[in-house]
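Report on the structure
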Amino acid sequence: MKPIAGLGLYAVILAAVFGVGTAAGALVGPLDTEQVEHGASHSGGAAAGGEHDADPHSGDAAGSSGTAADGLAASRDGYALRLDASALTAGTPGILAFTIFEGDRALTSYDATHTKELHLVVVRRDLTGFQHAHPERDETGRWSTLLTVPEAGQYKVFADFTPRGRSPIVLAGELAIAGSFVPRPLPPPSGAARVDGYDVAVTVVAGAITELRFTVTRGGQPVTDLEPYLGARGHLVALRADDLAYLHVHPVDADAGGDVSAGPALTFAADVPSSGIYRLYLGFRHAGAVHTAAMTATIEDTR
């Protein structure tokens with residue numbers, strides 16, 4: 001074989017090898033090296049990297065129906081969430097503070113939704129440790145709330161709000177609580193839960209807009225005297241299990257007005273971004289106390 005011809009063949013072989021390696025890398029993707037270390041804390045600001053800066057309107061964030069999934073990014077539509085969680089440690093009350101920015105200015109003008117300007121949801125990535133809080137905002141636009149994160153781990157923080165005169169937005173940040181932990185497996189879909197002596201069940205009615213119909217019983221008897229909670233008979237948060245996409249869910253009919261005479265059923269409407277396994281957190285008030293039932297359900301998008 002002549003030297004020049006030999007070099008040409010060698011180059012072809014190298015190109016083929018690198019081409020296979022590149023294709024394999026695209027299939028496997030980058031290794032996940034994220035760990036929770038002592039003192040580690042990640043801001044949910046617009047400069048944060050990884051999946052949380054992906055455009056929630058892109059194909060990767062949308063379900064098979066093309067509906068955009070919420071809560072997958074720290075910035076969206078000109079708004080950005082920046083967290084300050086330096087004071088938080090596992091098992092100890094601390095201040096979780098954050099600011100919503102509109103461009104380079106702190107947002108200070110909101111429309112109330114479900115009686116609040118902003119709903120804050122904190123949950124560990126294994127979907128345990130769920131908390132729904134309502135922070136206070138100062139005149140500079142900085143929000144803060146006293147929060148106890150019970151265990152170490154990697155958490156998602158969702159800010160659900162509506163800028164004045166605009167559509168609702170959900171932004172999400174990352175929160176690392178130092179310490180060792182073992183993720184818990186997600187309970188299998190059952191559509192039922194028990195909390196504080198109450199039994200809660202859900203029936204999922206698929207459609208262009210999915211209906212989630214809950215019933216609450218106690219001691220085998222329907223609870224028909226639920227008290228208004230956040231302007232309704234109940235409040236629901238739904239998270240997609242595989243990536244923690246956040247669903248907007250709204251009370252239907254009498255539930256929206258807090259009509260306590262509407263019987264034991266609570267119905268919510270959800271614009272589901274894709275079929276899949278979801279974790280549902282139903283908050284309701286009875287006998288002067290708020291209870292939160294967590295359950296796993298399969299939801300099909302039939303569009």
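These notes cover the structure that comes with them. (Residues numbered from 1 in each chain as written. Predicted model: local features only at pLDDT ≥ 70, side-chain atom pairs only at ≥ 80, totals over all residues. Heavy atoms only, no water.)

Before going further, it helps to spend a moment on the overall build of the protein chain. Looking only at helices and strands, one finds 1 helix and 21 strands in the protein chain. In the protein chain, buried positions account for 43% of the 303 residues. Across the protein chain, contacts joining residues at least 24 apart in sequence account for 64% of those joining residues at least 6 apart. (Helix = DSSP H or I, 4+ residues; strand = E, 2+ residues; numbered from the N terminus. Buried < 20%, exposed > 50% of the residue type's maximum accessible area, 1.4 Å probe, protein only. Contact = heavy atoms within 4.5 Å.)

According to the stated counting rule, one finds 12 salt bridges in the structure shown. The shortest N-O distance in the salt bridge between Asp126 and Arg124 comes to 2.7 Å. Residue Glu151 is joined to Arg184 by a salt bridge in which the shortest nitrogen-to-oxygen separation is 2.9 Å. Of this pair, Glu151 sits in the loop between β9 (142-147) and β10 (153-163) while Arg184 is found in the loop between β11 (169-177) and β12 (192-195), placing the two residues 33 residues apart along the sequence. Residue class for Glu151 comes out partly exposed when judged on its relative accessible area of 32%. On the basis of relative accessible area, Arg184 is assigned to the partly exposed category, the value being 39%. Residues joined by salt bridges that share partners form a network here, namely Asp70, Arg76 and Asp77. (Salt bridge = Lys/Arg side-chain N within 4 Å of Asp/Glu carboxyl O.)

Moving on: the nonpolar core. In terms of nonpolar packing, the biggest core is built from 26 residues, with Val200, Phe214, Leu236, Leu280, Phe284 and Met295 touching the most fellow members. Sorting the residues of this core by element identifies β12, β13 (198-205), β14 (210-218), β16 (235-240), β19 (265-270), β20 (276-286) and β21 (289-299) as the ones contributing at least two each. Residues Tyr79, Leu81, Ala85 and Val157 belong to the second largest nonpolar core, which totals 24 residues. (Core = buried A, V, L, I, M, F, W, Y, C linked by side-chain atoms within 4.5 Å.)

Our focus in this paragraph is the sheet that holds strand β17 (residues 246-247). Spatially, the 4 strands line up as an open sheet ordered β17-β16-β20-β21, and their pairing is antiparallel. What marks the edges here is a single partner per strand, and that holds for β17 and β21. As paired strands, β16 and β17 are joined by 2 bridges and run antiparallel to one another. Within β17, the residue paired with Ala238 across the bridge is Leu247. (Pairing = 2+ DSSP bridges.)

Right, let's get into the pairing of β16. Across the 6 residues that make up β16, a large majority, 6, are buried. Pairing between β16 and β20: 6 bridges, direction antiparallel. Note that in β20 the partner of Leu239 across the bridge is Arg279. Connecting β16 to the antiparallel partner β17 that follows it, the hairpin turn spans 5 residues, and Leu244 within it adopts a positive phi of roughly 60°.

Moving on: the pairing of β20. Counting buried residues in β20 gives 8 out of 11 residues, a clear majority hidden from the surface. Count of turn residues in the β20/β21 antiparallel hairpin: 2 residues, of which Ala287 carries a positive phi of about 55°.

With glycine set apart, most residues show a phi of negative sign, and most peptide bonds adopt trans. In this structure, Thr115 is a non-glycine residue whose phi angle is positive, near 70°. Tracing the sequence through the fold places Thr115 in the loop between β5 (110-111) and β6 (118-124). Overall, the relative accessible area of 52% leaves Thr115 in the exposed class. Not every positive phi belongs to a glycine, and Ala287 is a case in point at roughly 55°. Along the chain, the position of Ala287 falls in the loop between β20 and β21. Of the residues examined, Ala287 reaches a relative accessible area of 59% and is grouped as exposed.

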